[in-house]
Amino acid sequence: MTWTVLAIETSCDETSAAVVRGREVLSNVVSSQIDLHKQWGGVVPEMAARAHVESIVPAYRQALADAQMDQSQIDGIAVTNCPGLVGALSVGVTAAKALSAVWNKPLLGIHHLEGHILSPLAGLVEIPYPHLCLLVSGGHTELIEVLEPFKYKLLGETLDDAAGEAFDKGSRLLGLGYPGGKAIQDAARDGSPKRYSLPRAIQDDPYHFSFSGLKTAVSRLVEREGGKLSIPDAAASLQAAIVESLSSKALAAVEQHGYKGLTLVGGVAANQSLRETLQLECERMGVVFATPEPELCTDNAAMIGIVGSLRFARGDRSDLSLDCFSSAPLP
Ligand code: KG4
Ligand code: ZN
């Protein structure tokens with residue numbers, strides 16, 4: 001049976017609900033809190049939780065309406081329960097439990113990162129196993145072996161900042177605001193990536209990343225250049241440093257392990273330069289490259305629904321004691 005799932009995602013600053021059948025996304029409503037958190041330069045957990053409370057009911061109702069469905073056509077409810085901000089997660093989990101109890105439908109807790117990892121399946125592309133997943137978001141930067149469906153092995157991760165944090169902190173230092181990834185990408189469009197030299201990947205460790213040195217280097221650059229600093233050139237140079245650090249390690253791992261494919265997921269996967277670089281290199285190496293549409297890279301419930309639908313079909317279930325966790329290993 002292919003499960004039709006109502007999915008809910010509230011792990012950070014997007015309130016999202018979606019209806020998914022198998023790998024097919026029937027609706028995906030994302031209510032962003034960016035304007036709320038912008039004035040503070042980052043996500044304020046307490047405000048995020050309160051905003052989820054306001055948006056969750058309209059979001060799930062809109063997701064059903066967009067899919068032209070009512071509750072009788074939903075087979076189960078999937079919800080992100082880890083990792084993330086516990087106050088934010090608990091809003092989604094509480095809503096999902098209430099719907100599960102009232103509608104008498106099964107419930108399933110989903111790991112947020114598994115949602116990102118399986119998000120390329122929404123494109124209905126076939127990705128051969130084993131493949132490598134480069135997961136890059138605001139909180140995570142990981143190389144994950146996908147040995148077979150639902151079987152993951154962490155190969156490497158960041159030793160300090162996540163790639164998204166490198167964009168966000170760099171953007172703040174350059175006065176481009178929050179969230180930084182899109183702001184840097186836009187500013188970099190008219191800049192020269194060769195103008196300022198910034199540090200690249202750590203050389204002696206093949207699978208681990210480090211971005212804290214880059215942040216320090218941007219801070220020094222801003223101090224040194226003062227009013228002479230070209231913002232487009234600095235943005236382009238920062239973007240190039242992050243893209244090269246990520247792509248060089250991911251591509252080297254693909255080559256060394258002989259993976260048949262590479263997937264690129266998470267909020268930073270929306271970055272055009274990173275997408276183009278990996279697409280070109282994978283074509284050259286003759287391996288499959290898959291990445292979701294940019295709107296399925298940043299946080300969304302559709303990816304949670306894909307995992308939910310596939311896992312419900314395998315017999316996975318949670319009960320009403322489902323809890324939330326700020327961190328949790330991959331399933
Ligand atoms: O996956 P996500 O939406 O939330 C987390 O689970 O963390 O990722 C958010 C991160 C932020 O750091 C944001 O700056 C980054 O993704 N991001 C981008 C772009 N769009 C979002 N980074 C680079 N280029 C983009 N176009
Ligand atoms: Zn995420």
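The rules we used
All residue numbers here refer to positions counted from 1 along the written sequence of the relevant chain. Lettering for chains starts from A, numbering for ligands starts from 1, and both go in the order in which the items are written. In view of the model being predicted, local features appear only for residues whose pLDDT reaches at least 70, and side-chain atom pairs are presented and counted only at 80 or more, with totals across whole chains, interfaces and linings using the full set of residues. With hydrogens and water stripped out, all remaining heavy atoms of the structure feed into the side-chain values. Axis definition: a line fitted to C-alpha atoms, over the contacting stretch in the case of helices. Angles run 0 to 180 degrees between N-to-C directions. Strands here are runs of E lasting at least two residues and helices are runs of H or I lasting at least four, both read from the DSSP assignment and numbered beginning at the N terminus. Here the angle decides the label: under 35 degrees means roughly parallel, over 145 means roughly antiparallel, 65 to 115 means roughly perpendicular, and every other value means oblique. Two helices that cross are described as forming a left-handed crossing if the nearer one is turned anticlockwise from the farther one by less than a right angle, and a right-handed crossing if clockwise. Two residues form a contact once any of their heavy atoms are found within 4.5 Å. Amino acids are sorted into nonpolar (Ala, Val, Leu, Ile, Met, Phe, Trp, Tyr, Cys and Pro), charged (Asp, Glu, Lys and Arg) and polar (every other residue, Gly among them). Should DSSP find at least two bridges between two strands, the strands are taken to pair. For each residue, the test is whether any non-hydrogen atom lies within 4 Å of the molecule or strand; if one does, the residue is near. Throughout this description, a polar contact denotes any pair of N or O atoms lying within 3.5 Å of each other; where both atoms belong to protein, one of them has to be capable of donating a hydrogen while the other can accept it, and for residues adjacent in sequence the pair is counted only when both atoms sit in side chains. Note on areas: these come from Shrake-Rupley sampling with a 1.4 Å probe, and a residue is covered only by the protein chains present in the view. In this description, a donor is an N, O or S atom within 2.8 Å of the metal centre, a cutoff extended to 3.2 Å for sodium, potassium and calcium. Water is not part of the atom list, which can make sites seem incomplete. Each residue is placed in one exposure class: buried if its accessible area under a 1.4 Å probe, protein chains only, is under 20% of its type's maximum, exposed if it is over 50%, and partly exposed if it falls in between. Throughout, a disulfide means two cysteine sulfur atoms within 2.5 Å of one another. Only buried Ala, Val, Leu, Ile, Met, Phe, Trp, Tyr and Cys residues count toward a nonpolar core, and they belong to the same one when joined by side-chain atoms within 4.5 Å.

1. Section: the packing of helix α7 (residues 212-225) against helix α8 (residues 231-257)
Point 1. At a minimum axis separation of 12 Å, α7 and α8 run at an interaxial angle of 165°. Considering their axes alone, α7 and α8 lie roughly antiparallel with respect to each other. Helix-helix and strand crossings are classified by hand; for α7 and α8 the assignment is right-handed. The residues of α8 that touch α7, namely those facing L214, V218 and L221, are A234, L238, A241 and I242.
Point 2. Tallied by class, the residues present in the contact of α7 with α8 amount to seven nonpolar, no polar and no charged.

2. Points about the sheet that holds strand β7 (residues 141-148)
Point 1. What the five strands build is an open sheet, ordered β8-β7-β6-β9-β10; its pairing is mixed. If you trace the sheet from one side to the other, it starts and ends with β8 (151-157) and β10 (288-290), each paired once. Going across the sheet, the axis of each strand differs from the next one's by a mean of 20°, ignoring polarity.
Point 2. Its contacts with the sheet place α8 against β6 (131-136), β7, β8 and β9 (261-265), and it is angled at close to 165° to β6.

3. What to know about the site of ligand 1
Point 1. Every one of the 18 residues lining ligand 1 counts as a neighbour, but G138, D168, G181, G267 and D299 are closest to it.
Point 2. In this structure, D168 approaches ligand 1 through a side-chain N or O atom, which is 2.7 Å from an oxygen atom.
Point 3. Measuring from a nitrogen atom of ligand 1, one finds a side-chain N or O atom of N271 at 3.1 Å.
Point 4. Burial of ligand 1 by the surrounding chains reaches 87%, relative to a free accessible area of 560 Å².

4. A look at the coordination of the zinc ion (ligand 2)
Six octahedrally arranged donors around a metal ideally form angles of 90 or 180 degrees; four tetrahedrally arranged donors ideally form angles of 109.5 degrees.
Point 1. Summarising the metal site, the zinc ion (ligand 2) is bound by the protein donors H112 (NE2), H116 (NE2) and D299 (OD), whose distances to it range over 2.1 Å.
Point 2. In primary-sequence terms, the residues that donate to the zinc ion (ligand 2) follow H-x3-H-x182-D. Of this pair, H116 sits in helix α4 (residues 112-118) while D299 sits in the loop between β10 and α10 (302-314), and the two are 183 residues apart along the sequence.
Point 3. Assessed through its relative accessible area of 16%, D299 is described here as buried.

5. Here we look at the sheet that holds strand β3 (residues 24-32)
Point 1. Taken in spatial order, the five strands make up an open sheet running β3-β2-β1-β4-β5, and their pairing is mixed. Every other strand in the sheet has two partners, leaving β3 and β5 (107-111) as the edge strands with one partner each. Across the sheet, the mean angle from the axis of one strand to that of its neighbour is 20°, orientation sign disregarded.
Point 2. Strand direction decides the pairing type here: strand β4 (residues 76-82) and β5, joined by five bridges, are parallel. Note on β5: the bridge partner recorded for A78 is L108.
Point 3. Packing against the sheet, helix α2 (residues 45-66) makes contact with β1 (4-9), β2 (14-21) and β3, and its axis sits at approximately 25° to β2.
Point 4. Packing against the sheet, helix α3 (residues 86-103) makes contact with β1, β4 and β5, and its axis sits at approximately 160° to β4.

6. Details of the state of the cysteines
Among covalent bonds in proteins, the disulfide is the one between the sulfur atoms of two cysteines.
Point 1. All told, the structure shown has zero disulfides when counted by the stated rule.
Point 2. Here C133 stays unpaired: no disulfide links it, and the sulfur of C297, its closest cysteine neighbor, is 11 Å away.

7. What about the pairing of β7?
Point 1. Judged by how many residues are buried, β7 sits mostly within the fold: six of eight residues are covered.
Point 2. By the bridge criterion, six bridges tie β6 to β7 in an arrangement that is antiparallel. Bridging across to β7, L135 finds its partner in E142.
Point 3. With six bridges connecting them, β7 and β8 associate as antiparallel partners. The residue of β8 that forms the bridge with I144 is L154.
Point 4. The hairpin turn running from β7 into β8, its antiparallel successor, is two residues long, and F150 in that turn takes a positive phi close to 75°.

8. Some remarks on the side chain of S55
Point 1. Mapped onto the secondary structure, S55 falls in helix α2.
Point 2. Exposure remark for S55: the relative accessible area of 17% places this residue in the buried category.
Point 3. If near-sequence neighbours (up to four positions away) are discounted, S55 is found in contact with T15 and S31.

9. Considerations on the nonpolar core
Point 1. Of all hydrophobic cores here, the largest spans 45 residues; its most connected members are L134, L143, I242, L246 and L262.
Point 2. Those elements that provide at least two residues to this core are β6, α5 (163-173), α6 (180-188), α7, α8, β9 and α9 (272-285).
Point 3. Broken down by element, this core gets its largest block of residues, twelve residues, from α8.
Point 4. Setting aside anything within four residues of it in sequence, one finds L262 in contact with L132, L134, A250, L251, V254, L278, C282, V288, F289 and A290.

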